[in-house]
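Listed here are the chains, written in short residue letters.
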Amino acid sequence: MTQSRILVTGATGKVGGSVVAQLHASGVPVRALVRREADFPEGVQAVRGDLGDPASLDTALEGVDSVFLVWPFLSAEGASDVIETIGKRVRRVVYLSSAGVGSGKEKPGEAITMFHTELERLIEASGLAWTALRPTGFASNTLGWAEEVRATGAIRAPLARLARPLIHEADIAAVAVQALTTDALLGARPLITGLELITQERQVALISEVIGRPVRFEEVALDEAIEQMKAAGYPAELVEAVLPAQADMLDNPEPINDEVERITGTPARSFREWVVDHAADFR
């Protein structure tokens, strides 16, 4: 019997790219959805398509059994049409959601949590077999500091004491691979976390240790950071959702669990391991 092919959206991103790499390394036929030309290992099929245009997905979905879905927009607008299109061709969807869903924090205006909540609802109602992965903060988001580290050796940001169990994209991908290739996580919404709560100040110290040169954390006020991010072009709804939610985590930190190890058989990677894997980005 021919092995089913898996379509990975967000395939040029950190998590999607790791899903592609791990599926390919396991010998699973994998197809990458791309909007423009991109390089993948030999044997990975890249197909043009755009989640903003459901009609463009037909070729990518041909012969596909399962989809790893990363939603690239800040609202759920258009998602119902995409999920309907997927549902006509595919049996299973594994959706990259967020730990904020189901936490009781889905308040109006919290843009990221709200669109993930709506995507989960649409997928569950679609008739597709599904899994919704709910990771805590991505370690890869600290790559937003890389240019400052290289240029000045200083990170100017709010919330030095903010501690999060940041998760390596390879660990999210490893859980996704289990959800895509086995039935163990059908209908599940696993909360997956990093190994430990680690403050932003400590994150910067670890980056400094790994790259072998001084990097310091310079704390700025939250209001100042919000205005700076808006001035830099970040969408206001994103800034006004993310930074206040992070401030709330000072007193209400995200939980830590061993779901990555339970699901994959391998403990989650530490933040230091993530930095070692990405040291070249900061040098």
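Rules used in this analysis
Residues numbered from 1 in each chain as written. Predicted model: local features only at pLDDT ≥ 70, side-chain atom pairs only at ≥ 80, totals over all residues. Heavy atoms only, no water. Phe/Tyr/Trp six-rings, centres within 6.5 Å; stacked < 30°, edge-to-face > 60°. Buried < 20%, exposed > 50% of the residue type's maximum accessible area, 1.4 Å probe, protein only. Helix = DSSP H or I, 4+ residues; strand = E, 2+ residues; numbered from the N terminus. Polar contact = N/O pair within 3.5 Å; in protein donor to acceptor, adjacent residues only side chain to side chain. Axes fitted to C-alpha atoms, helices over the stretch in contact; angles between N-to-C directions. Parallel < 35°, antiparallel > 145°, perpendicular 65-115°, else oblique. Left-handed = near helix turned anticlockwise from the far one by under 90°. Contact = heavy atoms within 4.5 Å. Expected span 1.5 Å × (residues − 1). Nonpolar A, V, L, I, M, F, W, Y, C, P; charged D, E, K, R; others polar. Pairing = 2+ DSSP bridges. Right-handed = clockwise from strand over helix to strand, strands pointing away.

Participant: I tried to follow the packing of aromatic side chains on my own but got confused; where do I start?
Facilitator: Two aromatic rings, taken as a pair, are described by how far apart their centres are and by the angle between their planes. This structure, assessed with the given rule, holds four aromatic pairs. For the ring pair Trp-71 and Phe-73, a centre distance of 5.1 Å and an interplane angle of 75° mean the geometry is edge-to-face. We classify Phe-73 as partly exposed; its relative accessible area is 29%. Their ring planes at 70° and their centres at 6.1 Å tell us that Trp-274 and Phe-282 sit as a pair that is edge-to-face. For the pair formed by Trp-274 and Phe-282, the shared burial category is buried. An aromatic cluster is defined as three or more aromatic residues linked by ring pairs; in this entry it consists of Phe-271, Trp-274 and Phe-282.

Participant: Can you walk me through the environment of Glu-273 in this structure?
Facilitator: Mapped onto the elements, Glu-273 comes out in helix α11 (residues 271-277). Polar contacts involving the side chain of Glu-273 include one to the main-chain amide nitrogen of Ser-270, which spans 2.7 Å.

Participant: In this structure, what is going on with the packing of helix α8 (residues 222-231) against helix α9 (residues 236-248)? I would like to understand it.
Facilitator: If you want to describe how two helices pack, look at the angle between their axes and the distance between the axes. With their axes 10 Å apart at the nearest point, α8 and α9 run at an angle of 155° to one another. Taken as axis vectors, α8 and α9 run roughly antiparallel relative to one another. Where α8 crosses over α9, the handedness of that crossing is right-handed. Touching Leu-222, Ala-225, Ile-226, Met-229 and Lys-230 of α8 are Ala-236, Val-239, Glu-240, Leu-243 and Ala-247, all from α9.

Participant: What is the right way to look at the side chain of Glu-259 in this model?
Facilitator: Within the fold, Glu-259 resides in helix α10 (residues 259-264). Not counting residues within four places of it along the chain, the set of residues in contact with Glu-259 comprises Pro-190, Leu-191 and Ile-192.

Participant: Can you help me understand helix α7 (residues 200-211) in this one?
Facilitator: Owing to its 3.6 residues per turn, the α-helix aligns residues three or four sequence positions apart on the same side. Between its first and last C-alpha atoms α7 spans 17 Å; for twelve residues at 1.5 Å apiece the expected length is 16 Å, and the two agree. Residues of α7 that are buried: Gln-200, Gln-203, Val-204, Leu-206, Ile-207, Ser-208, Val-210 and Ile-211. Tucked into the core, α7 has its buried residues touching α5 (146-152), β7 (154-157), β10 (198-199), β11 (216-219), α11 and α12 (279-282). With its phi angle positive at about 75°, Gly-212 sits one or two positions after the end of α7.

Participant: Can you walk me through the packing of helix α1 (residues 14-25) against helix α6 (residues 169-181) in this structure?
Facilitator: It is at 8 Å that the axes of α1 and α6 come closest, and there the two elements cross at 55°. Considering the angle they form, α1 stands oblique to α6. Seen along the crossing, α1 lies across α6 with a hand that is right-handed. Packed against α1, whose contacting residues are Lys-14, Val-15, Ser-18, Val-19, Gln-22 and Leu-23, the element α6 presents Glu-169, Ala-170, Ile-172, Ala-173, Ala-174, Ala-176, Val-177, Leu-180 and Thr-181 at the interface. Residues of the contact of α1 with α6, tallied by class, amount to ten nonpolar, three polar and two charged.

Participant: Would you mind going over the environment of Gly-233 with me for this structure?
Facilitator: Looking at where Gly-233 falls in the secondary structure, it is placed in the loop between α8 and α9. For Gly-233, a relative accessible area of 58% gives the class exposed. Separated by 109 residues in sequence, Gly-233 and Glu-124 place their C-alpha atoms 34 Å apart.

Participant: Explain the pairing of strand β6 (residues 129-135) to me, please; I cannot follow it from the model alone.
Facilitator: Regular strands place their side chains on alternate faces of the sheet. Along β6, six of the seven residues are buried, which leaves the element largely enclosed by surrounding structure. Relative to β6, strand β5 (residues 92-96) runs parallel, the two being bridged by five bridges. From the neighbouring strand, Leu-96 faces β6, where its bridge partner is Leu-133. Inspection of the sheet shows β6 paired to strand β9 (residues 191-192) by two bridges, in the parallel sense.

Participant: Can you walk me through the pairing of strand β1 (residues 5-8) in this structure?
Facilitator: The pairing of β1 with strand β4 (residues 64-69) spans four bridges and is classified as parallel. Counted as the bridge partner of Ile-6 is Ser-66 from β4. In this structure, β1 lies alongside strand β2 (residues 30-34), joined through three bridges in parallel fashion. Residue pairing for β2: Ile-6 is matched across the bridge by Val-30. Since β1 and β2 lie parallel, the crossover through α1 that links them has a hand, and here it is right-handed.

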